[in-house]
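What the coordinates show
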Amino acid sequence: QLQASGGGLVQAGGSLRLSCTASGRTFSRDTMGWFRQAPGKERQFVAAISWSGGTTYSADSVKGRFTISRDNAKNTVYLQMNSLKPEDTAVYYCAADKSVGEVVRSRAWAYDYWGQGTQVTVSS
């Protein structure tokens, strides 16, 4: 129901934009989040956005470099990633949290639906 795309191989300092498109159910009232998981590491919160787009929250490690946004008419959430670093290399997952309101949460257990992930590799 959630399809992430846009990953790839990029040099350090470069940019990528990830997209997450929903199907089979509208996610326009859900908080949407991005997480990432590097090999041998736990899944890590990246950013989240409320259903209205009015509230966003990002991990300290990506603040000032990554921007989350959404287009509810397209049932799509985006993650614009700039100034990429090798430590950003991971599989990136989008997820949906059915909580009502402007709540944005960073815990993976709070999210109800998950996409399949897209690989981002940043070379030095």
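The rules behind the values
Residue numbering note: each chain is counted from 1, following its sequence as written. The predicted origin of the model limits local features to residues at a pLDDT of at least 70 and limits the giving and counting of side-chain atom pairs to 80 or more, whereas totals for whole chains, interfaces and linings rest on all residues. Side-chain numbers here rest on the full set of heavy atoms in the structure, without hydrogens or water. Note on aromatic pairs: the rings of Phe, Tyr and Trp (six-membered ring only in Trp) are paired at centre separations within 6.5 Å, and the planes decide the class, stacked below 30 degrees, edge-to-face beyond 60, tilted for the rest. The way it works is that DSSP assigns letters per residue, a run of H or I at least four long becomes a helix, a run of E at least two long becomes a strand, and they are numbered from the N terminus. The classification of residues rests on relative accessible area computed with a 1.4 Å probe and restricted to protein chains. Under 20% of the type maximum is buried, over 50% is exposed, and intermediate values are partly exposed. For a Lys NZ or an Arg CZ to count as sitting over a ring, it must be within 6 Å of the ring centre and within 35 degrees of the ring normal. Throughout, a disulfide means two cysteine sulfur atoms within 2.5 Å of one another.

Some thoughts on the packing of aromatic side chains
Aromatic ring pairs are defined here through the distance separating the ring centres and the angle between the ring planes. Under the defined criterion, the tally for this structure stands at six aromatic pairs. Residues Phe 35 and Tyr 111 carry aromatic rings whose centres are separated by 5.1 Å and whose planes lie at 80° to one another, so their mutual orientation is edge-to-face. Residue Phe 35 is located in strand β4 (residues 31-37), and its partner Tyr 111 is located in the loop between β9 (90-97) and β10 (113-114); the two are separated by 76 residues in the primary sequence. The exposure class of Phe 35 is buried, given its relative accessible area of 1%. An aromatic cluster is built from Phe 35, Phe 45, Tyr 57, Tyr 111 and Trp 114, whose rings are joined through pairwise contacts. Note that Arg 43 overlies the ring of Trp 114, its terminal NZ or CZ placed 4.7 Å from the centroid.

Things to note about the state of the cysteines
Linking two cysteines covalently through their sulfur atoms gives a disulfide. Evaluated as defined, the whole model comprises one disulfide. Note that Cys 20 is cross-linked by a disulfide to Cys 94, the S-S spacing being 2.1 Å. Its S-S torsion of about 60° marks the bond between Cys 20 and Cys 94 as right-handed, since a negative value means left-handed. One end of the pair, Cys 20, is in strand β3 (residues 16-22); the other, Cys 94, is in strand β9, with 74 residues separating them in the sequence.

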